[in-house]
Amino acid sequence: MADPTLMDKLVSLAKRRGFIFQSSEIYGGLGSVWDYGPLGVELKNNIKERWWRSMVHERDDIEGLDAAILMHSKVWEASGHVSGFTDPLVDCKVCKNRFRGDDERIKGQPGTPEAQCPICGNRGSLTEPRMFNLMFKTFMGPVEDEASVVYLRPETAQGIYVNYLNVLQASRQKIPFGIAQVGKAFRNEITPGNFIFRTREFEQMEMQYFVKPGEDERWFEEWRGLRMTWHCDLGIKPEKLRFHQHASDELAHYAKVAYDIEYEFPFGWQEFEGIHNRTDFDLTRHQEYSGKKLEYVDTVSRERFIPYVIETSLGTDRLALVVLVDAYREETVEGETRVVLGLAPTIAPIKAGVFPLVKKDGMPEVARRIHDDLRRRLPVFYDDGGSIGRRYRRQDEAGTPFGITVDGQTLEDQTVTVRDRDTLAQERIHTDQVGRYLEDRLRA
Ligand code: ATP
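This report concerns the structure included in the present document. (Residues numbered from 1 in each chain as written. Predicted model: local features only at pLDDT ≥ 70, side-chain atom pairs only at ≥ 80, totals over all residues.)

Quick look at the nonpolar core
Then comes step 1: Membership of the largest hydrophobic core comes to 62 residues, with the highest contact counts inside it found for A320, L321, V322 and L324.
Then comes step 2: Not counting residues up to four positions away in its chain, the partners in contact with L324 are L10 and L341.
Then comes step 3: Residues A352, F355, V380 and F402 belong to the second largest nonpolar core, which totals 17 residues. (Core = buried A, V, L, I, M, F, W, Y, C linked by C-beta atoms within 7 Å. Buried ≥ 20, exposed ≤ 12 C-beta atoms within 10 Å, placed from the backbone. Contact = placed C-beta atoms within 7 Å.)

Points about the environment of T284
Then comes step 1: Positionally, T284 belongs in helix α8 (residues 281-290).
Then comes step 2: Along the chain, T284 and L294 lie 10 residues apart, while their C-alpha atoms are 7.6 Å from each other. (Helix = DSSP H or I, 4+ residues; strand = E, 2+ residues; numbered from the N terminus.)

Observations concerning the sheet that holds strand β16 (residues 308-315)
Then comes step 1: Within the open sheet, the 7 strands sit side by side as β3-β9-β10-β16-β13-β12-β11. Their pairing is mixed. Strands at the two margins of the open sheet, each flanked by one partner only, are β3 (62-65) and β11 (241-245). In this sheet, adjacent strand axes meet at a mean angle of 25° when their direction is disregarded.
Then comes step 2: For strand β12 (residues 257-265) and strand β13 (residues 268-279), the ladder comprises 9 bridges, and the chain directions are antiparallel. (Pairing = 2+ DSSP bridges. Axes fitted to C-alpha atoms, helices over the stretch in contact; angles between N-to-C directions.)

Quick word on the site of the ligand
Then comes step 1: The ligand sits among 16 residues. The nearest are F202, G274, S313, G315 and R318.
Then comes step 2: In terms of residues, the shell around the ligand owes the most to one element, β13, which gives 4 residues.
Then comes step 3: Across the shell around the ligand, the residue classes break down as 3 nonpolar, 5 polar and 8 charged. (Near = placed C-beta within 6 Å. Nonpolar A, V, L, I, M, F, W, Y, C, P; charged D, E, K, R; others polar.)

Some thoughts on the sheet that holds strand β6 (residues 130-133)
Then comes step 1: With respect to topology, 3 strands assemble into an open sheet ordered β5-β4-β6, the strand pairing being antiparallel. Looking at which strands have only one partner, the edges of the open sheet turn out to be β5 (98-100) and β6. Each strand axis lies, on average, 45° off the axis of its neighbour in the sheet, ignoring direction.
Then comes step 2: Both strand β4 (residues 86-91) and β6 contribute to a ladder of 4 bridges, which runs antiparallel. Among the inter-strand pairings, L89 is bridged to a residue of β6, identified as R130.

Here we look at the pairing of β16
Then comes step 1: Of all 8 residues in β16, 8 are buried; the element is thus mostly enclosed.
Then comes step 2: Along β16, one buried face is formed by Y308, I310, T312 and L314 and the opposite face, lined by V309, E311, S313 and G315, is buried too.
Then comes step 3: In terms of strand pairing, strand β10 (residues 201-211) meets β16 through 8 bridges, oriented antiparallel. Of the residues in β16, the one forming a bridge with Y209 is I310.
Then comes step 4: Where β13 and β16 come together, 6 bridges link them in antiparallel fashion. From the neighbouring strand, G274 faces β16, where its bridge partner is S313.

Structure follows, in structure tokens:
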């Protein structure tokens with residue numbers, strides 16, 4: 001049974017332990033924008049590093065890119081975002097709440113007398129849906145006129161398309177090949193919320209895979225499988241993951257086939273990664289709008305074509321939420337409740353806590369030495385404040401997979417105990433071997 005208070009507990013834990021804070025909190029906060037604290041930034045970096053490694057470093061056929069957030073405004077005309085990146089916006093004239101026109105809670109057609117506001121319950125108070133563009137608009141240079149309009153990118157993908165020929169030529173790749181990018185995106189969402197699930201500034205990890213037309217369906221299936229496996233390998237519970245195929249009325253303007261990977265959040269099944277067959281839509285449009293040929297020439301057959309694109313688009317923040325929700329548990333150990341973030345060790349912000357059992361008999365000095373030695377290999381944390389039980393609990397909440405304790409026996413035989421966060425099993429390891437031991441466990 002899902003815990004209905006889980007999101008509240010998670011928001012509070014995230015703040016207390018320094019994972020995630022509300023933006024500009026001392027000014028009352030900025031709506032649906034979040035800042036990552038000391039533990040949060042480590043978690044997010046680890047997630048991105050893992051994605052980058054599997055996409056770019058472990059493959060011969062994918063290259064990395066880091067395109068700028070600001071792009072020529074014609075890019076967004078070509079991509080269809082200026083005309084089509086809109087959501088229907090509905091206001092309640094009585095309670096002043098604002099909804100997306102497709103909000104499932106709205107009964108009846110907004111704008112008609114029968115339609116009922118899901119918040120105040122009034123009938124006939126909802127306005128007709130107005131289309132609202134989700135792109136943030138700003139100006140480049142000192143003059144604020146139409147010619148100087150620039151947008152904060154609403155997706156990173158376009159930076160990849162406009163660089164596709166540059167990367168192709170510089171890397172000497174041949175089709176099929178891909179370009180991967182991690183970066184910020186901005187959407188002026190009408191109804192953001194659910195913590196970091198839907199925000200106005202977020203990060204995406206996107207990969208665009210360029211293939212020969214006709215081979216797109218095979219590659220689509222390949223990527224769909226690879227992405228699901230990747231999430232399972234991250235330790236996410238497989239029973240909480242599923243695919244959702246977009247029906248024809250859900251498909252984006254550019255897509256031929258689309259599947260979401262969904263997670264069962266406390267607020268229901270929701271998408272956190274999309275796999276899309278974008279066909280030759282984007283490159284064809286950029287060729288048309290830029291006047292620059294974007295064809296691929298097959299070096300053997302001399303055949304020319306605009307490649308099809310299979311996209312995998314994953315939200316870093318949304319995945320961070322999946323990971324936190326999935327990892328959170330409360331359990332009773334020896335009559336006491338403990339909160340544990342059972343994060344996969346590879347993405348845990350801190351890999352090990354180092355503790356002297358008591359603050360005397362030279363134990364702090366030995367523990368410090370072990371800590372200083374380990375920190376050159378791994379992110380570790382030294383703590384000598386409070387009872388050993390409390391120090392373990394603090395690391396359990398932070399998701400730290402291992403605890404290293406220096407005790408009386410350490411002073412005699414140079415061994416320490418290594419405590420496993422999940423099984424609570426303790427092993428004695430020689431101090432010289434601790435670094436190697438942790439690295440082995442982290443790799444496993
Ligand atoms: P939704 O229907 O939830 O608005 P979408 O279908 O518009 O999402 P895509 O455009 O396919 O989403 O974006 C790909 C991924 O980017 C999403 O799966 C999600 O992980 C992430 N993402 C999109 N919008 C947001 C947002 N406002 N906040 C956080 N992450 C987002």
